[in-house]
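Notes for the structure review
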Amino acid sequence: MDKRIFRISLTAALAGFLFGFDTVVISGANQPIKELWGTNWFLGDSIFTFHGIFIMSMALWGTVLGSLFGGIPTDRLGRKKTLFWIGVLYFISAVGSALAPEAYSFSFFRFIGGIGVGASSVAAPVYISEISTASTRGRLTAMYQFNIVFGILVAFISNYLIGIFFEEGVAWRWMLGIEGLPALIYTFMVLKIPNSPRWLLLKDRDDAVVIQSITLLGIEKEKASLHLSEIKVSLYETAEKHKEKLFSGKYNKPLALAFLIAFFNQLSGINFVLYYAPEILERAGLASGESLFSSISIGVINLAFTFVGIALIDKLGRKQLMYIGSIGYILSLAMVGWCFYSGASSLLLLIFILVFIASHAIGQGAVIWVFISEIFPNKVRSYGQSWGTGTHWVFAALITLLTPTFLDAEIGIFKDNPWPIFIFFAFMMVLQLLWVAFMMPETKGISLEELGKLLSGKKQKK
């Protein structure tokens, strides 16, 4: 059973690979597009640049839309069909972005890909959490994060190699277009996975259909009936077969938890570092080619420590990983800020950036998608996932929109030196550490139905 569920979970988690690839691949096209289309100009008297809004953050606004409304198709069409259409969106975005003749069409196709990213951050974790057991849910759902960071690493390597073998004027197009191949492969693979049994039950499908789905997960037919009965009992005990609204007041605690973990995730500065890695490293004194190559080290460290996070999430638990990550965040971000402020060597700055990436991978990176997908009851899980991921992507878009302004600022404390940005992120991680200590519950080893009762009823887990 475990092997079959692992393979099915891995297929769904491949949406994360495309998520990671699509998110970071733009870093290689950042500077070339500035030069080609002259997009780095301010919009009127505002602090916003055209480049920041239309080139770098347009995909993220699509992601906001996809995450906020991804719960609707995930609930109505089902987890499987939603994952399929996500693959289609990724493919259209990759090909369209690569062939775009000017900035506006480029932004449109990046927006389409962003919708896929946002919807995948809803559908994939929900699907994986629903087909896994309480003892393996953390590791299996965290595979989504593993695939994100694997996609990030592959995007960095792909950008570097394409930058070597293709002419500068067309290299960025190949960087973006190559994503179409894994998007196509993923889309066809999703056709072979079963529907979530929990979703089928919530939609009042016949027991025979639900049992067939359970057996496709690798559970023997004799045990499938027992498994079906256990889920049914849990659903009726928690009154989840009755229509309920996410914002009825009953789910205030999981809503607050999902909001805060997503808020702190982005206020760590992780997307800022990933999106602008080559430019940040150039500011530290590395040449353009060296900065692209050094970006690969970011992807390697991210992947390696994601392995560590996945290995520990069901052993130490979600809360302990968040402690480790928060402390690592604070130390590394403070030191990156100091390196920029003091003019320390580019090697020392790169080391602390890698410590920051490692802290994220073992903490927030491993925990966020698992935690959000398990704290909401079955009936409202897809909409709760939308709430949490929507929060995540709203702040990701805002940070990606605003930070180019500070990077390019010519006045004040930001002139030619981004150190205040990193000090601000370090301060926010102090607040995250306090939140983990006093508000975040531990969720490891508890069934989804039991968690639903613990976090939405009067009984609370300590």
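Cut-off values and rules
Residues numbered from 1 in each chain as written. Predicted model: local features only at pLDDT ≥ 70, side-chain atom pairs only at ≥ 80, totals over all residues. Heavy atoms only, no water. Axes fitted to C-alpha atoms, helices over the stretch in contact; angles between N-to-C directions. Helix = DSSP H or I, 4+ residues; strand = E, 2+ residues; numbered from the N terminus. Parallel < 35°, antiparallel > 145°, perpendicular 65-115°, else oblique. Left-handed = near helix turned anticlockwise from the far one by under 90°. Contact = heavy atoms within 4.5 Å. Nonpolar A, V, L, I, M, F, W, Y, C, P; charged D, E, K, R; others polar. Core = buried A, V, L, I, M, F, W, Y, C linked by side-chain atoms within 4.5 Å. Buried < 20%, exposed > 50% of the residue type's maximum accessible area, 1.4 Å probe, protein only. Salt bridge = Lys/Arg side-chain N within 4 Å of Asp/Glu carboxyl O. Polar contact = N/O pair within 3.5 Å; in protein donor to acceptor, adjacent residues only side chain to side chain. Patch = residues over 30% accessible without salt bridge, like charges linked within 9 Å, V, L, I, M, F, W, Y side chains within 5 Å. Areas by Shrake-Rupley, 256 points an atom, 1.4 Å probe, with all protein chains shown as cover. Phe/Tyr/Trp six-rings, centres within 6.5 Å; stacked < 30°, edge-to-face > 60°. 1 Å grid on protein atoms, 1.4 Å probe; cavity = no way out; pocket = protein on both sides within 12 Å on 5 of 7 lines; lining within 4 Å. Points joined across faces, edges and corners; volume = space filled by probe spheres on them.

With that settled, the discussion passes to the packing of helix H13 (residues 252-266) against helix H19 (residues 364-374). Contact geometry of H13 with H19 gives a least axis separation of 10 Å together with a crossing angle of 155 degrees. The angle between H13 and H19 falls in the class roughly antiparallel. By crossing handedness, the relation of H13 to H19 is classed as left-handed. Counted together, Leu-257, Ala-258, Ile-261, Ala-262, Phe-264 and Asn-265 of H13 and Gln-364, Val-367, Ile-368, Phe-371 and Ile-372 of H19 form the full contact between these two elements. Each residue belonging to the contact of H13 with H19 can be placed in one class, and the counts come to nine nonpolar, two polar and no charged.

The next point concerns the nonpolar core. The biggest cluster of nonpolar side chains holds 118 residues, and the ones touching the most others in it are Leu-83, Tyr-144, Phe-272, Ile-353 and Trp-435. No other element matches helix H1 (residues 2-37), which puts 14 residues into this core. Excluding anything up to four places from it in sequence, Tyr-144 contacts Ala-13, Ala-15, Gly-16, Phe-19, Val-117, Ser-120, Ser-121, Ala-124, Pro-125, Ile-128 and Trp-369. Formed by nine residues, the second largest nonpolar core is a distinct cluster that contains Leu-201, Ile-211, Ile-214 and Leu-228.

Turning our eyes to something else, we now look at the pattern of salt bridges. With the rule as written, the count across this model stands at nine salt bridges. For Glu-130, the salt bridge identified is with Arg-381, shortest N-O distance 3.1 Å. Of this pair, Glu-130 sits in helix H6 (residues 103-131) while Arg-381 is found in helix H20 (residues 381-407), placing the two residues 251 residues apart along the sequence. By the burial criterion, Glu-130 is buried, and Arg-381 matches it. Taken together, the shared-partner salt bridges connect Arg-137, Arg-139, Asp-314, Arg-318 and Glu-374 into one network.

Where H1 contacts helix H8 (residues 168-177), the axes come no closer than 9 Å and their chain directions differ by 155 degrees. Judged by the angle between their axes, H1 and H8 are roughly antiparallel. Crossing handedness for the pair H1 and H8: left-handed. Where H1 abuts H8, its residues Phe-21, Val-25, Gly-28, Ala-29, Pro-32, Ile-33, Glu-35, Leu-36 and Trp-37 lie against Glu-168, Trp-172, Arg-173, Met-175 and Leu-176. For the contact of H1 with H8, the class distribution of residues is 10 nonpolar, one polar and three charged.

Moving on: the side chain of His-360. With respect to the element layout, His-360 can be found in helix H18 (residues 346-362). Classification of His-360 as buried rests on a relative accessible area of 7%. Within the structure, His-360 has its side chain in polar contact with the side chain of Tyr-329 (distance 2.6 Å). Ignoring any residue separated from it by four or fewer positions in sequence, one finds His-360 in contact with Gln-145, Asn-265, Ile-270, Tyr-329, Gly-365 and Ala-366.

A cluster of nonpolar side chains, contributed by Phe-91, Ile-92, Val-95, Leu-99, Leu-184, Phe-188 and Leu-191, occupies part of the molecular surface with about 640 Å² of accessible area. When residues in the nonpolar patch are grouped by element, the largest group, four residues, is from helix H5 (residues 79-99). Inspection of the secondary structure puts Leu-184 in helix H9 (residues 180-190). Since its relative accessible area comes to 39%, Leu-184 is described here as partly exposed.

Let's shift gears to the environment of Gly-325. Its place among the elements puts Gly-325 in helix H17 (residues 318-342). Sequence-wise, Gly-325 and Ser-359 are 34 residues apart; in three dimensions their C-alpha atoms are separated by 4.5 Å. Contact partners of Gly-325, with chain neighbours within four places excluded, come to Ser-359 and Gly-363.

This paragraph deals with the packing of aromatic side chains. Each aromatic ring pair is characterised by the separation of its centres together with the angle its planes make. For the structure shown, the criterion picks out 30 aromatic pairs. With a centroid separation of 6.1 Å and 75 degrees between ring planes, the pair formed by Phe-19 and Trp-369 is classed as edge-to-face. Placement of Phe-19 in helix H1 and of Trp-369 in helix H19 is noted, with a sequence separation of 350 residues between them. With a relative accessible area of 3%, Trp-369 lands in the buried category. Site record: aromatic cluster; members linked through ring pairs are Phe-247, Phe-259, Phe-263, Phe-264, Trp-387, Phe-395 and Trp-435.

Bringing empty space enclosed by the protein into the picture now. Counted according to the given criterion, the structure contains three cavities of 30 Å³ or more. Taken together, 19 residues line the largest cavity, and the ones lying closest to its centre are Phe-19, Gln-145, Ile-148, Asn-271 and His-360. When residues of the lining of the largest cavity are traced back to their parent elements, those giving at least two are H1, helix H7 (137-165), H13, helix H14 (270-275), H19 and H20. Classifying every residue of the lining of the largest cavity gives nine nonpolar, 10 polar and no charged. Quantified by volume, the second largest cavity comes out at close to 40 Å³. Lining the second largest cavity we find Asp-22, Thr-23, Ala-59, Leu-60, Thr-63, Arg-110, Gly-114, Val-117 and Tyr-275. Considered class by class, the residues forming the lining of the second largest cavity number four nonpolar, three polar and two charged.

Just geometry here; none of it tells us what the structure is for.
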